[in-house]
Structure formats: C-alpha cells, structure tokens
Amino acid sequence: QPGTANDVRQLPYLAVADGVTDSTVAIQRAIDAVPPGGTVLLRGGVYRTGTLRLKSTMTLWIDRDATLLGTSAVAGYPTGSGQRALLWADRADNVRIDGGGTIDGGGTIDGGGTIDGGTAADGGTAADVGRGPVLVYLAGGSNVSVRNVHLRNAAAGAVVLAGNRGGLVADVTVDNAGSADRDGITVLDGHDILVERVSVWSGGTAVGVRSVSASGTGGVVVRCSTVGRSDRASGVAVTVAGAGVARGILLADLL
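Nothing here was measured: the structure is a model prediction, and the numbers come from that model.

A.B. asks: Explain the overall build of the protein residue by residue, including any values.
C.D. replies: What the protein contains, in helices and strands, is one helix and 23 strands. Counting across all 255 residues of the protein, residues that qualify as buried make up 51%.

Here you go:
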C-alpha cells in the first residue's frame, strides 16, 4: 500500500549493515517488493552493495545514520544499461532518493586499482577502462529527484540525469575529488531540471549541462550553489556535441 516502508534489515530481507557483507540481493528484494508510493529504508549502519535497480513511484530513504557503500568488485556493476552505476533506474518515473545519509562509491576495485582505470589485472577488461560506476544514474524517466544526501568517492560521476523530463537535485553535497573522470552532477539531454543548493568538489566538472542528441537539453536551472571547487575542470560547463541542442539554460547565484 502507499506509505509502506520496507526496512531492509527486517524480515524477509535481512540486509546486514556491517560494511563488509554484500547486501545487494537483500536490498534489491526490498526494492522489488515495495508497492507504488512506498519507501525502502536504510538505517543504522553501512550497507555494502553492487548495482541496485530502482523502479517507478518509490523512495529510497537513506537515513542520517546510514551509508550505502559500493562494492569493490567490478562484477557487482553489470554494464547492461550502458553505464555502470551503484543506483540505477531506466525509464522509471517518480523516483526519489532522500534521507540525509551518505552514498559512498568506495572508488576502488579488487586489486587496488580504480575502476575508472580498471584493467584485466584488476578483475575487469579493457572495455572497463574509463567506464567506472557513477553513484546515481537515472535515465529516461520523469519527476526524478535526488535530495538531502551526501555523495562521495565515485569512480566516475556522482549524479547523472540522462534524458529525464522533470528532475531535481537539491541540498546535496558531493566530494568526488581525484581523477579528471570524476565529475559531480551531470544533466544530459534533459528537460525541466532544477539543480539548487548543492556543494560540489570534484576532480572533473562540478556541474555539467550537456546535449549530444537531437532531443536536446532545455529548461535547466542551476542556482544557489557552490560549484567552483573542481580540481581540473569547470565549475559549471554547458556543452553541445553531435546533433545536440541546448536552450533555456539559466545559471544564477553560483560560487
């Protein structure tokens, strides 16, 4: 029923919040079982997982005392979506990520190398180079939001909104310093997207607004944010490539 909260530590899911045990299967079961309008709750510890696939009309609530920690194993991030990600949704509407907690990518894979520089020796393949997982990848949906969470140590970008209509990233901090591949927040071919009250420290571009397809990017507002602390790239970048089109981009009150 709407308003249902699936606590991943409770029966029948029994996720273990010790920072070591792989809880991917347990938490995915809680996501799959939550009814429309319901919430999946992470609280009281560190939950280590690989890719979690979110669905329409749900909230993933990461409480203030909880951390979602990405596994160090490349196999935990399948590439079926075309992009490795810790939290992933494809054509899912009304997805909300919230709660005041932390999403930590770990930034490394078995063997000690970084995923964004992964090699066969590290447990990946040549195709994995430069394709490390982002923390949050929401693609092709509408009315999606990432609010009130702390994001850090992604092997690639922290948040990517790709091809969404209606989206919000607000009251978020990003600590993603390191290589130039580690961007902060990226809006790609999206429409009616608001980014506000974010603070981003990244190795790559802090906030990127991009278009690479004829569907274009439009109605994007980035405001009231600290985005100037990128180590190697722009605080905010608006870029167009290929058939891309960008219209109606507003940047205001940025530090």
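Once the structure has been displayed, the description carries forward.
A.B. asks: Can you tell me about the sheet that holds strand β6 (residues 58-62), naming the residues and giving the values?
C.D. replies: Across the sheet, nine strands lie side by side as β1-β3-β6-β9-β12-β15-β18-β21-β23; this open sheet has parallel pairing. For this open sheet the edge positions go to β1 (5-7) and β23 (246-254), each flanked by a neighbour on one side alone. On average, adjacent strands in this sheet sit at an angle of 10 degrees to one another, irrespective of strand direction. Sheet analysis places strand β3 (residues 38-42) next to β6, joined by five bridges and oriented parallel. Residue pairing across strands places Val40 opposite Leu60, the latter belonging to β6. Contacting β1, β3 and β6, helix α1 (residues 24-33) crosses the sheet at an angle of about 165 degrees to β3.

A.B. asks: I'd love a proper account of the side chain of Asp104, names of residues and values included.
C.D. replies: Tracing the sequence through the fold places Asp104 in strand β10 (residues 102-104). At 3.2 Å, the side chain of Asp104 and the side chain of Asn153 are in polar contact. Every residue in contact with Asp104, bar those within four places of it in the chain, is listed here: Thr67, Leu68, Leu69, Gly70, Leu86, Leu135, Arg152 and Asn153.

A.B. asks: Tell me what's going on with the pairing of strand β11 (residues 134-139), and back it up with residues and numbers.
C.D. replies: Most of β11 sits inside the fold, with six of its six residues counted as buried. Sheet topology note: the β11/strand β14 (residues 159-162) ladder contains four bridges and is parallel. Among the inter-strand pairings, Tyr137 is bridged to a residue of β14, identified as Val160.

A.B. asks: Explain the sheet that holds strand β22 (residues 236-240) to me, and be specific about the residues and the numbers.
C.D. replies: The strand order across the open sheet formed by seven strands is β5-β8-β11-β14-β17-β20-β22, and the pairing between neighbours is parallel. Where the open sheet ends on each side, the last strands, each with one partner, are β5 (52-53) and β22. Relative to β22, strand β20 (residues 207-211) is paired through five bridges, and the arrangement is parallel. Across the sheet, residue Val209 finds its bridge partner in β22, namely Val238.

A.B. asks: Any details on α1? Residues and values, ideally.
C.D. replies: Of all the positions in α1, only Thr24, Ala26, Ile27, Gln28, Ala30 and Ile31 are classed as buried. On the buried face of α1, the contacting elements are β1, β2 (18-22), β3, β4 (45-49), β5 and β6.

A.B. asks: I'd like to hear about the nonpolar core, residue by residue, with values.
C.D. replies: One broad trend across soluble globular proteins is that nonpolar side chains are buried collectively. Counting residues in hydrophobic clusters, the biggest one holds 52 residues, and the most contacted among them are Ile103, Val136 and Leu151. The element contributing the most residues to this core is α1, with four residues. When near neighbours in sequence (up to four residues on either side) are disregarded, Ile103 contacts Ile62, Leu68, Leu86, Leu87, Ile97, Leu135, Val136, His150, Leu151 and Arg152. Residues Ala85, Val134, Tyr137 and Ala139 belong to the second largest nonpolar core, which totals nine residues.

A.B. asks: Lay out the pattern of salt bridges with the relevant residues and their values.
C.D. replies: Under the defined criterion, the tally for this structure stands at eight salt bridges. Among the salt bridges present, the one from Asp90 reaches Arg91, with a minimum N-O distance of 3.2 Å. Owing to a relative accessible area of 36%, Asp90 belongs among the partly exposed residues under this scheme. Between Asp171 and Arg147 there is a salt bridge, with its nearest N and O atoms 3.8 Å apart. Taken as a pair, Asp171 in the loop between β15 (165-170) and β16 (173-176) and Arg147 in strand β12 (residues 142-147) lie far apart in primary sequence, 24 residues in all. Here Asp171 falls in the partly exposed class, since its relative accessible area comes to 29%.

What counts and what doesn't
- Residues numbered from 1 in each chain as written.
- Predicted model: local features only at pLDDT ≥ 70, side-chain atom pairs only at ≥ 80, totals over all residues.
- Heavy atoms only, no water.
- Helix = DSSP H or I, 4+ residues; strand = E, 2+ residues; numbered from the N terminus.
- Buried < 20%, exposed > 50% of the residue type's maximum accessible area, 1.4 Å probe, protein only.
- Pairing = 2+ DSSP bridges.
- Axes fitted to C-alpha atoms, helices over the stretch in contact; angles between N-to-C directions.
- Contact = heavy atoms within 4.5 Å.
- Polar contact = N/O pair within 3.5 Å; in protein donor to acceptor, adjacent residues only side chain to side chain.
- Core = buried A, V, L, I, M, F, W, Y, C linked by side-chain atoms within 4.5 Å.
- Salt bridge = Lys/Arg side-chain N within 4 Å of Asp/Glu carboxyl O.

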